[in-house]
Every structure is written in C-alpha cells, then in structure tokens.
Amino acid sequence: MRTGLINDVVELTSEQFKFKVSENAKNIFRKTIDELDDRQKFQAVAYAVKDVIIDEWIATHRVYDKKDVKTVYYLSMEFLMGRALGNIIINLSCRDEIKKAIKELGLDINVIEDQEPDAALGNGGLGRLAACFLDSLATLGYPAYGCGIRYKYGFFQQKIEDGYQKEVPEDWLRYGNPLEVRRDEYACEVKFGGYTRTFTDENGRSHFTQDGYQSIRAIPYDLPIVGYSNNVVNTLRIWDAEPLVSFNLDEFDKGDYHAAVEQENLAKTITEVLYPNDNHMSGKELRLKQQYFFISASVQTAVKKYMDKHKDIKKLHEKVVFQMNDTHPTLTVAELMRILMDVYMLEWDEAWEVTTKCVAYTNHTIMSEALEKWPIELFSRLLPRCYQIIEEINRRFCISIEEKYPGDRGKVERMAIIYDGQVKMAHLAIAAGFSVNGVARLHTEILKNQELKDFYEMMPEKFNNKTNGITQRRFLLHANPLLAEWVTGKIGDEWITNLSHIKELEVYADDRKCQKEFMNIKYKNKKRLAEYIKKHNGIDVDPRSIFDVQVKRLHEYKRQLLNILHVMYLYNEIKEHPEKEFYPRTFVFGAKAAAGYKIAKLTIKLINSVADVINNDASIEGKLKVVFIEDYKVSNAEIIFAAADVSEQISTASKEASGTGNMKFMLNGALTLGTMDGANVEIVEEVGEENAFIFGLSSDEVINYEQNGGYDPMKIFNEDMDVRKVLMQLINGFYAPDDPERFRDIYNSLLNTKSTDVADRYFILKDFRAYIEAQKAVEEAYKDEKRWAKSAILNVANAGKFSSDRTIEEYVKDIWKLKKVKVEV
Ligand code: 7GP
C-alpha cells in the first residue's frame, strides 16, 4: 500500500475513504452503512469517489487556465459512456486504497458497480468512439471538453418478448447521477425561430439580428473524465434545457399564455430522448432542434471562455478547435459565423477566416441513408439566421467551384451545399472544415475515390485518415482483470498507458506453458459469460464449446442474417449427418435494432426462433447452441468480449467505415472471422492473415457490382442446394410453424426484386459459400489447441495499434495541435 507523499500528491488512505462513505450514508440516507440497500451503497461510494477526484478536477482546470492552453471541443450528439464508477476507480492512483476500504466495509465492489445504470447517451460505434477518445485525452493529458446532450432517456432498454424486441424507456437519471455537477453559472440562451432583421449602425454598416424568436435556457452538467494515474480530470459537458421564463401567471395575464406554454414544452421535449438510429437519418424537426441547441450552447461558451482571457477574437483558432463528430454538429459552422459577425462585429471575410481555422470534420459512414439533408423550408423556419449565413456560404462556395471548373455545371450541382430544396450538411462541413477525416484507411480511400471524390479533387489537402482505436483501460484492464494481470505479469504494466508495449507478449506465443495459462483464463471468462447467460436467458452453454460472437447494432449491412443463415445450415448438416464429427459451438448474438427498422427487428425474431428450435433439440446432444443476449450495452459487452473465441466482423465489404468491436475482441484474444472491410484490413495487416479467417467479396468487387450490375442471387439459389434448403426454411414454417409467412420479408429481401428495389443488396448469398468455408477453417483450427492459443496470444500481442491513445496522438499532431499538460495537486 502506498501512503503519504508521492510526487507531491497527498494520497488518500483507506481510512479516509471509509469515513467519507459512512458520512455519505448518514447525510444522504440517514442510515449506517450496514442499513443501506445495494443501490444506496453504490451512491454512498460514488459520492465518496467524486469527493476524491474533485480536487484534481479543480487543479486540472487551474493548470489549463494558468497555462492558457489550446483546447479541443469534441462536439458530439452521442457519448456512449457506459458505467463510470469502476472505470474511475481503476484510473485513480489511489485505486488500491479505495478497493481496500470497500472490502473493509464489507462491501462487494462488483455488486456495487453493478448498481450503476449505463450512461447510454449513444447508439453504437460513433458514440462509443467519442467515449474512448475522452478517456485517452485525459490519460495523455490534453486539454479537452466533450460537448453533448444530457438526454433524459438514453438509448432504450431492450426486452425480448416471445422472441421479439420491445423498447422500454431507459430512465437512467431516476435516482440522480452522483458524479455530475450542475453548473448554473454557465447557463446560456438558445434562440429558435422568428425572423432576421437588418439594421444600420452609426457608421453606416448593416447588421443582422434575430427577432420574434422562442428562447430556451441551456444548463450544463459536468461529468468528470479521469485520466490514468496522472491527476488529470477533464470534463464532459452535457446540456439540459429549461424554459427561459418559466410558465407563470404574469405571462398568463399578459395574454401570452400560448407563448409561455410553448416555450415550456420546447424546453421539455428538446433533451427528452436520444434518437435510436445508427447509420440512419430520421429527418425529424426535433432532431435539428437538438443539434442547434447543444451546438449553440457549446460554441457560445467556448467563445466566451476565450474572450474572458483574450482581446482579439480573430485569434480564436490559436486556443480553440472544434471537432465535429460526423455531420450532426455541423451547425457549428453557421453558429460560429453568426457569433463572430453579429456579436463581435467581424466582416464576412474575417469571420470566415476564423471559422475555417477552427472547425474540423470526421466522417463515420458511407451509408447514403445516413447522410444528413434538411429541407430548406424546415431549416429556414427553425434557424432563420443560420440559414441566411449558410446561403451566403453556399453562394461563395459555388462561385469557387465554377472558378476552378469553368462550365462544369455537374460539379456545382453535385457539390453545392444547398441544392434541390435541401441543405446538405456534409458539404457544409467539408467546405468550412480545415480537415476532413475518415476512420480507417480503407474507409478514407473510399471517401477520396468514390463518395467525396469531387471534394477530394478540389481540396485534397483537407483529407486525412485517422484509424479508430479503443481504450485498453476499459476493454482490457477493467473488463478482463484475469488477462490484464497475466499480461502485466509477463511484460510489466506499461501497456496500460502505451499499448505498443503489448507487442512484447509475442515471445510467449509459442510457449506451451503460457498457452495453457492463456487458454485457462479464456476458459474462466467463458464460464463467467456462461453464468451470465444462464442467469439472463436460462440457457445452459458449455464453456468448452467454441464461443462465436457477433455483438453490434443490428443493421442489414452488418449481416447478422448471414451469420444466422449459416447456423441454420450447420443445424441441417448435423441433422443430416449425425455420425460426422462436429466440434461443439455456441453462437452468441447481441444487438439492438432501431425502433422503426422492420427487417432488423424481424431478424432478431429469426435469431430467437432458430435458437428455440436448436437449443431444445435433444437429438443434437448440445453440439450447437444459439444465444441472443438481451439488452446488449457497454456494461455487458465488457463480459462478452473477454469470453469470445471468434469475433464475427462480417459486414459487406466497403460498408463498415471502421468497426471498433473488432479491436475489442482482438485485444481480448479472439480471432477475427471477417471480410476485408473497415479496420479489419488493418487488423489482419498487424496480426497476419494466418491468425484470422478472411473471406468474401472485396470492397472493389462490391462497388463494381453496385455500379455495373451483374449479380444475380437467384442463380445461387437455383444452383446451391445447401443455400436453397436454408432459404426455403424461411418460408416453409420450419422456424415459424404457427405462421409460415412470418419470415417472408427476409426471404424477399434476398431474392425478390418485386418487393425490394434490389435483391440481396448486401451480397449475403454471394458470400455464403465462402463464409461456410471460413467457418470450417475455424473449426479445424480450434481443434488444434496449440495453434489456436498461439494465434489468440498473437492477436493480443499485435493489438497495439488499436489503442485510442494512438488515434488521439494522431489527431493532436495532424489536426488539433494541442500541448500536453502536467497536473500536480
Ligand atoms: C460508425 C461506423 O458504422 C463504424 O464503422 C465506426 O467504427 C464508428 O462509426 C466509429 O467511427 N458510425 C455510426 O455509428 C453512425 O451512426 C452515422 O454513423 C453518422
């Protein structure tokens, strides 16, 4: 145990921590510790932890202030944080004292951590990436704010009823959030609607202002982001909305009853709920309101903070950079222009110069249905001044296109920011941003050569790649303590803050003793997951079987359908050839479907129906099990990654921008079964093709079929009898005896061009055979325990590149230009 003075830091003792917890029990609950229920214990401990970090939090911001550092504002509609408490504790230098104190109080740290609701303020990859980035920024000591929305209801809770997904509101704030701090002093006003008015000042210059608007008050709540053992505590600032003038009799008397009620309602609805779409745009007015709400509040605050210390607004870019997490925060461009011109009275050219030095844009998908486009009517009604500014940006941008490509009308039509009655947010982000990046090498190349080709040709200097990463502190150190300890035992603990060190494990890959140790840890983690499955699903699974796992959002392009169709194929094989040797397998799925995504929801029902039949067929002697884990989220993901043997990364090539789950599996020693898509390409490059199972069409082949046609799924259906049999089982009631038509839409999506515009848009049948072969190779490889263990260890050893610490260092060096800060308390 370390106590006393280390590096000028007065370390906490376990006695002090125990005292804090018992004081909390008294002050908050009027109880002694032994009288608390589990949730109250969590709260008493969480408040104590907040108390421990608060001095470092203050100190961090003092240092930032004193050094007058440049700061990145990571603007994102989503931060998929998961649970905070356990992660904060492992990051604190006094973690051992806290753990000791908790034990001495007779509390179980796992039970306490389990009480915390996930902060699910995000959908999937994009939101979780933002969370990993905040962890890395704090650990590396970079000045950063996350800026987002404090949704009252986060991502819905998924219940499975009769095999179908049901969405239940996730009331994560019901008992309050012990770790947040409400900052009334930073509240600000956000204006919607009305009209713009021109006026002329005493010098004859004309200005614009907004009149007749509705206002809401934005209230920030700060959450601490604790760096690893470095005293740095950064801030995630999420905004809540309140009516500016609360509904009262005055308004009523004035006859403004309606206006007052409307403002109250607007405030209530705006931060009510996260839109549950992943890689899909909903186009709802409320969504645009959410975007402007948090962007206006965040940008106003950043500019004000800068001006509190500096005189010259024209040098804003020296201290402030805004990173736009996809196009959702693109209103930053218009809002910053508005503030610079209407509040700080800059001329257009001056304001444009500042703005374009301050904003950068990350693209996270090429799925066309995710591209944000807003109808002019809606946009100009809701945000009249921003719209006016965007019109002028568009006018000038179109002129510059014409200058560069004289007479090429096509260019202007394709690249304009406003065209065909719509405002195109990606075009605005690229025109204004000084940096445009993709999230994996392949993805960036596709952006440059296909999706954003015109923009790349005109402004190649803006484009760059930043391959995603994940934080090893949550996804190995916290999620897989057994493996983390084993790694540290072999190579020391530098990997925790510098994952490239994990390469030193490579020398143990061939060592028989190490292989056995590794497989034993994997076995224990599989047992932990098996217990979770038994408790939550009531299904027995054998930890000695191959755990083949696909967890991610449910989306057609991610091809959970390919996976379950293959399971149906395997089942047919076992039934037809009971004598054949077959290595037992457990297929694990976890996925939420967007509430309105019919075919995705039907796929969940299919997986559960297949599971029902297979799991209850005694004749196959447990050779095959299928599990659908209800309510997949960050907290149970931590258990799932640790237990996987096989990582399913089977998206249609070219569609998955990067993927980050693939990296979490790799770091936990699972072998990738995947297509050459997203970051899989780089994973295979690091670990070697012999330590992964790669199959299927390449992205070039997919793009070629999409552009030139020539793919006919019906031909495969007619020629491949295994495929045919599986597909027929979708419509002959094999998995739906009570309603044989139930899965007809899935069948049609693969074969029938009458009911969908394109049959098998995601090339499932095209890749089916190759997938079957790759799965056979998995089985063969697993039978050879030495070979498997070696490959698994090599996966861990070669995961160094995929730390979000590496990603953040690249953002800092190429885009943000921040300086590291040291904090001493
Ligand atoms: C995701 C991509 O689908 C995933 O491949 C990537 O790893 C992740 O972003 C982080 O970069 N995109 C989304 O989650 C999403 O909703 C639409 O994108 C804006």
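Small disclaimer: the values here were computed from a predicted structure and weren't measured.

## Quick notes on the nonpolar core
Thinking step 1. Of all hydrophobic cores here, the largest spans 132 residues; its most connected members are Phe192, Phe293, Phe322, Phe379 and Trp816.
Thinking step 2. A per-element tally of this core places helix α9 (residues 285–309) first, with 10 residues.
Thinking step 3. Shared between two domains, this core holds at least three residues of each, these being domain 1 (1–67 + 84–117) and domain 2 (73–83 + 123–148 + 222–237 + 283–468 + 809–816).
Thinking step 4. The contact partners of Trp816, leaving out residues within four places of it in the chain, are Lys70, Val72, Tyr74, Leu137, Val321, Gln323, Ile808 and Tyr811.

## Some thoughts on the sheet that holds strand β22 (residues 546–551)
Thinking step 1. Spatially, the 6 strands line up as an open sheet ordered β24-β23-β22-β25-β26-β27, and their pairing is parallel. If you trace the sheet from one side to the other, it starts and ends with β24 (624–629) and β27 (693–694), each paired once.
Thinking step 2. Across the sheet, helix α23 (residues 634–643) is in contact with β22 and β24; its angle to β22 comes to roughly 140 degrees.

## What to know about the packing of helix α10 (residues 331–343) against helix α11 (residues 348–358)
Thinking step 1. It is the contact of α10 with α11, at a shortest axis distance of 9 Å, that shows an interaxial angle of 140 degrees. Viewed along their axes, α10 and α11 adopt a mutual orientation that is oblique. In the packing of α10 onto α11, the handedness of the crossing is right-handed. Side by side, α10 and α11 meet where Val333, Leu336, Met337, Leu340 and Met341 of the first sit next to Trp348, Ala351, Trp352, Val354, Thr355 and Cys358 of the second.
Thinking step 2. Class assignment of the residues belonging to the contact of α10 with α11 gives a composition of 10 nonpolar, 1 polar and no charged.

## Thoughts on the pairing of strand β16 (residues 359–362)
Thinking step 1. Alternating residues of β16 divide into Val359 and Tyr361 and Ala360 and Thr362, and every residue in both groups is buried.
Thinking step 2. Examined bridge by bridge, strand β15 (residues 320–325) and β16 share 4 bridges and lie parallel to one another. Following the sheet pairing, Met324 is matched in β16 by Tyr361.
Thinking step 3. In this structure, β16 lies alongside strand β20 (residues 436–438), joined through 2 bridges in parallel fashion. Each residue of the ladder has a partner; that of Thr362, found in β20, is Asn437.

## Overview of unusual backbone geometry
Thinking step 1. Positive phi outside glycine occurs at Asp68, with the angle close to 50 degrees.
Thinking step 2. Mapped onto the secondary structure, Asp68 falls in the loop between α2 (38–67) and β3 (71–75).
Thinking step 3. Using a relative accessible area of 23% as the deciding quantity, one classes Asp68 as partly exposed.
Thinking step 4. Its identity is not glycine, yet Arg559 carries a phi of approximately 65 degrees, on the positive side.
Thinking step 5. By the element assignment, Arg559 lies in the loop between β22 and α21 (560–576).

## Details of the sheet that holds strand β19 (residues 422–424)
Thinking step 1. In space, the 3 strands of this open sheet follow the order β17-β19-β18, with antiparallel pairing throughout. Bordering the open sheet on either side are β17 (373–375) and β18 (418–419), each of which pairs with just one other strand.
Thinking step 2. Relative to β19, β17 is paired through 3 bridges, and the arrangement is antiparallel. Bridging across to β19, Lys373 finds its partner in Lys424.
Thinking step 3. Helix α15 (residues 425–432) rests against β17 and β19 of the sheet, and its axis sits at about 45 degrees to β19.

## A short note on the confidence of the model for the chain
Low-pLDDT stretches of the model should not have their predicted coordinates read in fine detail.
Thinking step 1. Summarising the model, the chain shows a mean pLDDT of 96, and 97% of its residues fall at 70 or more.
Thinking step 2. Long-range and interchain partners of residues 1–9, a stretch whose pLDDT sits below 50, account for 15 contacts in this model, where long-range means more than four residues apart.

## As for the pairing of strand β26 (residues 671–674)
The side chains of a regular strand alternate, residue by residue, between the two faces of the sheet.
Thinking step 1. The two faces of β26 match: Leu671 and Leu673 on one face and Thr672 and Gly674 on the other face are all buried.
Thinking step 2. Alignment of strand β25 (residues 646–649) against β26, held across 4 bridges, turns out to be parallel. Residue pairing across strands places Gln649 opposite Gly674, the latter belonging to β26.
Thinking step 3. In this region the chain leaves β25, passes through helix α24 (residues 661–667) and returns to the parallel neighbour β26; the handedness of that crossover is right-handed.

## A word on helix α32 (residues 804–816)
Given 3.6 residues per helical turn, the α-helix brings residues three or four places apart onto the same face.
Thinking step 1. Here α32 contains 13 residues, and its C-alpha end-to-end distance of 15 Å is more than 12% below the 18 Å for a straight helix at 1.5 Å per residue.
Thinking step 2. Considered for burial, the residues of α32 that qualify are Ser804, Asp805, Arg806, Thr807, Ile808, Tyr811, Val812, Ile815 and Trp816.
Thinking step 3. A positive backbone phi angle near 55 degrees is found at Lys817, which sits one or two residues after α32.

## Brief notes about the domain arrangement of the chain
Many analyses report the size of an interface as the accessible area lost when the parts associate.
Thinking step 1. Per the domain assignment, the segments making up the chain are domain 1 (1–67 + 84–117), domain 2 (73–83 + 123–148 + 222–237 + 283–468 + 809–816) and domain 3 (480–698 + 762–796).
Thinking step 2. The C-alpha centroid of domain 2 is placed 37 Å from the C-alpha centroid of domain 1.
Thinking step 3. Listed by partner, the interface residues are 21 residues for domain 1 and 20 residues for domain 2.
Thinking step 4. Between domain 1 and domain 2, a total of about 1700 Å² is buried, with carbon and sulfur atoms accounting for 47% of that surface.
Thinking step 5. The interface formed by domain 1 and domain 2 includes 14 residue pairs in polar contact (both at pLDDT 80 or more).
Thinking step 6. For the side of domain 1 that touches domain 2, the secondary structure elements donating two or more residues are α2, α3 (85–91) and α5 (109–114).
Thinking step 7. Considering every element that reaches the side of domain 1 that touches domain 2, the biggest residue donor is α2, with 7 residues.
Thinking step 8. In terms of residue class, the side of domain 1 that touches domain 2 is built from 10 nonpolar, 5 polar and 6 charged.

## Some points on the packing of aromatic side chains
Ring pairs (aromatic) are described by centroid distance and by the angle formed between their planes.
Thinking step 1. Taken as a whole and judged by the stated rule, the model has 23 aromatic pairs.
Thinking step 2. Ring centres of Tyr705 and Tyr711 lie 6.0 Å apart, and the angle between their planes is 55 degrees; this geometry places the pair in the tilted category.
Thinking step 3. Assessed through its relative accessible area of 16%, Tyr711 is described here as buried.
Thinking step 4. The ring of Tyr175 has Arg39 lying over it, and the distance from NZ or CZ to the ring centre is 3.7 Å.

Conventions used here
- Residues numbered from 1 in each chain as written.
- Predicted model: local features only at pLDDT ≥ 70, side-chain atom pairs only at ≥ 80, totals over all residues.
- Heavy atoms only, no water.
- Core = buried A, V, L, I, M, F, W, Y, C linked by side-chain atoms within 4.5 Å.
- Buried < 20%, exposed > 50% of the residue type's maximum accessible area, 1.4 Å probe, protein only.
- Helix = DSSP H or I, 4+ residues; strand = E, 2+ residues; numbered from the N terminus.
- Domains from an automatic or database assignment.
- Contact = heavy atoms within 4.5 Å.
- Pairing = 2+ DSSP bridges.
- Axes fitted to C-alpha atoms, helices over the stretch in contact; angles between N-to-C directions.
- Parallel < 35°, antiparallel > 145°, perpendicular 65-115°, else oblique.
- Left-handed = near helix turned anticlockwise from the far one by under 90°.
- Nonpolar A, V, L, I, M, F, W, Y, C, P; charged D, E, K, R; others polar.
- pLDDT = per-residue confidence, 0-100.
- Right-handed = clockwise from strand over helix to strand, strands pointing away.
- Expected span 1.5 Å × (residues − 1).
- Buried area = accessible area lost by both parts, 1.4 Å probe.
- Polar contact = N/O pair within 3.5 Å; in protein donor to acceptor, adjacent residues only side chain to side chain.
- Phe/Tyr/Trp six-rings, centres within 6.5 Å; stacked < 30°, edge-to-face > 60°.
- Lys NZ or Arg CZ within 6 Å of the ring centre and 35° of its normal.

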